[in-house]
Amino acid sequence: MNMDGIRGRLTPNRNLSELTWLRVGGAADYLFQPADIEDLALFLKQLDPTVPVFPMGVGSNLIVRDGGIRAVVIRLGRGFNSIEVDGDLVTAGAAALDAHVARKAADAGLDLTFLRTIPGAIGGAVRMNAGCYGSYVADVFVSATMVTRDGEICEISADDLSFQYRQTQLPEGAVLVSATLRAGLGDAADLHTRMKQQLETRDKTQPTKDRSAGSTFRNPAGFSSTGKSDDVHDLKAWKVIDDAGMRGASRGGAQMSEKHSNFLINKGGATAADLEGLGEEVRKKVYASSGITLMWEIMRIGEPQSE
């Protein structure tokens, strides 16, 4: 693959397992790590339009199947992780970690504390309309910059993304490169204290020391944990998984966590097929138990291992 003027790194046949939080998966045909926005735009402009593109993020919410991906995977790095504050606006590169954005905003007396415990980076948070404690990216989103599949750099609005529960409408092959969020005001010390408490609660209730990809399934019917004391759990994913008897269920090296049954974890040596297979088994058992069809929150991409 010849590319003129590209400054980033293009790697053929790149194994992706070490780039995902679950540590599974095969190789991408190519991995491209652009130097900056202009470099990404130039690369996509020159890339054969028939070649699929997959923007990967930090791999926090992803299963790459064992046969790998027949595509160019785009992974944003240091040139895309800046965080800038201007008044009540926070503009973050797509590779800026959610936790870092929350902390830097709090330093400036701005409340994006809901991002503190969300795994991953801002690009994925926008794409998935990530949320926690009753707040969502859609609530604070102002605009974003993306590079389209044909290499055009453009600004997009909330209307362009059509935010819904845990999803947006992003054009095929487009890569989010930054987002601007409008934060509420708060006292910096109070905001940092709140985030410390959130982390303590998370560590007590979630398997943060295990290899996971965050929540495995969306909460049914759009119900979401608010983290408040009067929170009702009758339609939470973990509750219907428990009711189906699947807490702690395992397949190969994969397990539904004993600590939080909506967390799919790699206990060691799991394949992508183990993880996805166990997830599908959970979906079947939950449907048989409650009539509810759980929807995956973890993205699964690529091809299974050929026999």
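The protein has the name UDP-N-acetylenolpyruvoylglucosamine reductase in an unreviewed UniProt entry, where Parasedimentitalea maritima is given as its organism.

J.: Report on the UniProt feature "domain: FAD-binding PCMH-type" (unreviewed entry) in the protein, specifying residues and quantitative values.
T.: Sites flagged by UniProt as "domain: FAD-binding PCMH-type" (unreviewed entry) map to residues 23–186. Regarding residues 23–186, the helix share stands at 21% and the strand share at 34%, and the terminal C-alpha atoms are separated by 38 Å.

J.: Tell me what's going on with the confidence of the model for the protein, and back it up with residues and numbers.
T.: Taken residue by residue, the protein gives an average pLDDT of 92. The fraction at 70 or more is 95%. When mean pLDDT is taken per element in the protein, strand 7 (residues 89–93) scores highest with 98 and strand 9 (residues 131–132) scores lowest with 84. Overall, residues 226–233 carries pLDDT values under 50, and its contacts beyond four positions in sequence, including any with other chains, amount to nine contacts.

J.: Before we move on, could you go through the UniProt feature "active site" (unreviewed entry) in the protein and cite the residues and values that matter?
T.: UniProt's feature table lists "active site" (unreviewed entry) at R166, S215 and E297, given in the numbering used throughout. Across 132 residues in sequence, these annotated residues keep their C-alpha atoms within 11.2 Å of one another, forming a single compact spot. Position of S215 relative to the elements: it lies in strand 15 (residues 211–215). For S215, the contacting residues outside a window of four places in its chain are N61, N262, F263, E297 and I298. On the secondary structure map, E297 appears in the loop between helix 8 (272–290) and strand 19 (299–301). What makes E297 buried here is its relative accessible area of 13%. Discounting residues that sit within four places of it in the chain, E297 has contacts with N61, M128, R166, S215, T216, F217 and R218.

What counts, and where the lines are drawn
Residues numbered from 1 in each chain as written. Predicted model: local features only at pLDDT ≥ 70, side-chain atom pairs only at ≥ 80, totals over all residues. Heavy atoms only, no water. UniProt positions renumbered as here; feature names shortened; annotations may be inferred. Helix = DSSP H or I, 4+ residues; strand = E, 2+ residues; numbered from the N terminus. pLDDT = per-residue confidence, 0-100. Contact = heavy atoms within 4.5 Å. Buried < 20%, exposed > 50% of the residue type's maximum accessible area, 1.4 Å probe, protein only.

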